[in-house]
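Reading the structure
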Amino acid sequence: MLKATSRAIRAHNQAMRRLARVREHNKRIRIKEAMGIRTQIQRIARTDQKQSRREAKEDRILGPLAPRRAMTSAEADEMSVVAGERARPLPIRKEERVKHWNIIPGDRVVVLVGVDRHKIGVVKSVDKATATLTVQGINMVPMKIPDAVFELDTKQQRIYHSELPISYHDVRLVYPLPDPATGALRDTIIANIEMSKIWHNKTGTSSWKRLVPGMEGVVIPWPPKEKPKYVDHPGDTRIMDVEMPSYFPTLLIPPFPLEVIDELRNKYSKFRTRHDPAWVAKKEAEATTQKAKDGKRILTAVQELNRKLRKERKALGPPQLSDSDLEYIGRVMAQNRPGLLENLPSTSPPTQEVKV
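Residues numbered from 1 in each chain as written. Predicted model: local features only at pLDDT ≥ 70, side-chain atom pairs only at ≥ 80, totals over all residues. Heavy atoms only, no water.

As annotated in an unreviewed UniProt entry, the chain carries the name KOW domain-containing protein and comes from Tuber magnatum. The UniProt entry for the chain carries this comment under Sequence similarities (unreviewed entry): "Belongs to the universal ribosomal protein uL24 family." (UniProt positions renumbered as here; feature names shortened; annotations may be inferred.)

In structure tokens form, the structure reads like this:
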């Protein structure tokens, strides 16, 4: 019992050490990714600063002859374009992340900060690692296509407009509620969303209900999930061919080939109970060859004598004790353990003590 307990403790400690190593490895990867993103942003910022200083120096030298660097809307967009690397928000610490997200894709929210404040839009996506979300048509900025992509397709426009992420704390949920005076539905900003009891599912996920504060029984439904749209292509297999059985097991062949067993179980484990026929035949051939070599090998006189003695001992069978040996063993036992003979009836004269 003690051995089994110590083994379980060692296994538990080993698993905890392995888990700690995995967590430390994941932490280092997250830190490395964050540092890489920060380095890219700093590199782009330094490039922009150098370009701005170069242009400012050129303007000072040329004076009134300095060129106007933004004369049309296209040139203005080109000057105010945002690189894709700078548009990526930095990941935040795990302690600062939002624990329970009450806003998911499909919800309608109102923006509280920025040039698009007080505008209402639909959430497109969320990023829990950075605590940000993107709203359709909100916080639009011109984005620059990378040079590598632009060189492959020169017909594509150099600049396109896209949404920048917005902080989760800078938006509020919008949901239609009845007006207390007229009873008509109108959009209402839910400043603080209350949560019901949290249910933890077996799959590792959690679920709860969103409630309106101050209005008992009013539940904000979650937006429905869009079902994926399946499109048939010429290379797809027809459903009738998929549902038609193509394998019929019989008693003449195994249910599946041995190659499948090799994928499910370790073929080279020391606990294996099956071997390939080719491997078995190879080992039998090696044993036969070794036996033939042993028969043809020249033995010395000592080796021949030892082999003869072994054969004679094997022919005699297991050794048997004689009556005198048994009697001697009994006297020694009686001398060393006199308590064994106290309850036995005395049927023979006392024997002489034997010193061993």
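Attention now goes to the sheet that holds strand β13 (residues 219-220). Spatially, the 3 strands line up as an open sheet ordered β9-β12-β13, and their pairing is antiparallel. The sheet terminates laterally at β9 (194-195) and β13, the two strands that pair on one side only. Examined bridge by bridge, strand β12 (residues 210-211) and β13 share 2 bridges and lie antiparallel to one another. Opposite arginine 210, over in β13, you have isoleucine 220 as the bridge partner. (Pairing = 2+ DSSP bridges. Helix = DSSP H or I, 4+ residues; strand = E, 2+ residues; numbered from the N terminus.)

This part covers the pattern of salt bridges. In this structure the tally under the stated criterion is 9 salt bridges. Between glutamate 24 and arginine 28 there is a salt bridge, with its nearest N and O atoms 3.5 Å apart. Here arginine 28 and glutamate 24 lie together in helix α1 (residues 2-62), a separation of 4 residues that amounts to about one turn. Under the relative-accessibility criterion, arginine 28 is labelled exposed at 56%. Between aspartate 187 and arginine 108 there is a salt bridge; the shortest N-O distance is 3.1 Å. Taken together, the positions of aspartate 187 in strand β8 (residues 185-190) and arginine 108 in strand β1 (residues 108-111) put the pair 79 residues apart, joining distant regions of the chain. (Salt bridge = Lys/Arg side-chain N within 4 Å of Asp/Glu carboxyl O. Buried < 20%, exposed > 50% of the residue type's maximum accessible area, 1.4 Å probe, protein only.)

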